[in-house]
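A structural walkthrough
Residue-level listing of the chains:
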Amino acid sequence: MHILIIHAHNEPQSFNAAMKDLAVEELRGQGHFVEVSDLYAMSWNPIASAADFGSRVNSEYLTYALEQRHNCSQHTLAPDIQVELDKLLEADLVIFNFPIYWFSMPAIMKGWIDRVLVSGVCYGGKRFYDQGGLVGKKAMLAITVGGQPYMLVSGGVHGELNDMLRPILRGTLAYTGMAVLPTFVAYHVPYISQEARVTQLEMYRQHLRSLDTLQALSFVSLNEFDEKLRPISAPDS
């Protein structure tokens, strides 16, 4: 496979960075082509603005998604966006590697999503979920959290982890058509021993060795809705 790792951690010696390095080593060892977008190292600009466009449909009022479509067709997207979009479109699997910040991803990674998941290519119109622009690709989160596993379950203090990650798993990855593989989570990272860190890295290695057998999460199909996206009633029994 062609694998793209989007990495967002501001400390190169972090456990999160160690996860990224392990993934590169392991996946290349499996024979995959792997490239990394290290957002902090790249000084990635997370701000979606008019500066992202070399031409404009409407120079008086910025409708970002419409300008994305226009500039993509005209090949006038900002160069940094085009480079990342090309990487994304080449990839069979995209791994998003990041620490959880405030029940979500770091702002720099959110900015990558805002700017690179271009309307008219990755989504747009009725091109979403199983008809999205990125159908045929897989995506996976590889994350670190400070909490313990028992904190991130139903009835736990933070609730279920997948509920926390829903805007990413469903609202971003599945929405654009990607098959979403189960998340790998390294728990309680700032507080565990070096031995426990080694154990968690080995668990991640085993997760990566199971990519071919991991079952994607289940989301809606547009076949369940009519042309106005109203739910189709189940037939009478």
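Since this is a predicted model, take the numbers as computed values, not measurements. Here the residue index of a chain counts from 1 through its sequence in written order. Since the coordinates come from a predicted model, pLDDT governs what is reported: local features require at least 70, and pairs of side-chain atoms require 80 or more to be given and counted, while whole-chain, interface and lining totals use all residues. The basis for every side-chain value is the complete set of non-hydrogen atoms in the structure, without hydrogens or water.

Leaving glycine out, the prevailing phi sign among residues is negative, and the prevailing peptide bond configuration is trans. We note that Trp102 has phi near 50 degrees; this positive angle belongs to a residue other than glycine. Segments assigned H or I by DSSP are reported as helices when at least four residues long, segments assigned E as strands when at least two residues long, and all are numbered from the N terminus. Summarising the element assignment, Trp102 is placed in the loop between β3 (93-99) and α4 (107-116). Non-glycine residue Phe103 carries a positive phi angle of around 65 degrees.

Where helices are involved, their axes are fitted lines through C-alpha atoms of the stretch in contact, as for all axes, and angles between N-to-C directions lie from 0 to 180°. Here helix α3 (residues 79-90) crosses α4 at 85 degrees, and the two axes come no closer than 10 Å. The orientation of α3 with respect to α4, classified from their angle, is roughly perpendicular. Seen from α3, the contacting residues are Asp80, Ile81, Glu84, Leu85 and Leu88; seen from α4, they are Trp112, Arg115 and Val116. Its residues assigned to classes, the contact of α3 with α4 shows 5 nonpolar, no polar and 3 charged. In this scheme, roughly parallel covers angles under 35 degrees and roughly antiparallel covers those over 145, while 65 to 115 is roughly perpendicular and the rest are oblique. By definition, residues are in contact when any of their heavy atoms lie within 4.5 Å. Under the grouping applied here, Gly and all other residues not named as nonpolar or charged are polar, the nonpolar ones being Ala, Val, Leu, Ile, Met, Phe, Trp, Tyr, Cys and Pro and the charged ones Asp, Glu, Lys and Arg.

Here we come to the UniProt feature "domain: Flavodoxin-like fold" (unreviewed entry) in the chain. UniProt positions are given in the numbering used here, feature names are shortened, and annotations may be inferred rather than shown by experiment. Mapped onto this numbering, the UniProt entry gives "domain: Flavodoxin-like fold" (unreviewed entry) at residues 1-208. Along residues 1-208 the backbone is 37% helical and 15% strand, and the end-to-end C-alpha distance reaches 13 Å.

Note on definitions: salt bridges are taken to be side-chain nitrogens of Lys or Arg within 4 Å of carboxyl oxygens of Asp or Glu. Enumeration over the complete set of coordinates arrives at 11 salt bridges. Here Glu25 and Arg205 are joined by a salt bridge, their closest N and O atoms 3.7 Å apart. Residue Glu25 is located in helix α1 (residues 15-29), and its partner Arg205 is located in helix α7 (residues 194-208); the two are separated by 180 residues in the primary sequence. Exposure remark for Arg205: the relative accessible area of 16% places this residue in the buried category. Here Arg205 ties to Glu202 by a salt bridge, and the two come within 3.6 Å at their closest N and O atoms. With a gap of 3 residues between them, Arg205 and Glu202 both fall in helix α7, about one helical turn apart. Buried residues are those whose accessible area, probed at 1.4 Å on protein chains only, stays under 20% of the maximum for their type, while exposed residues exceed 50% and partly exposed ones sit between those limits. On the basis of relative accessibility, which here comes to 36%, the residue Glu202 falls in the partly exposed class.

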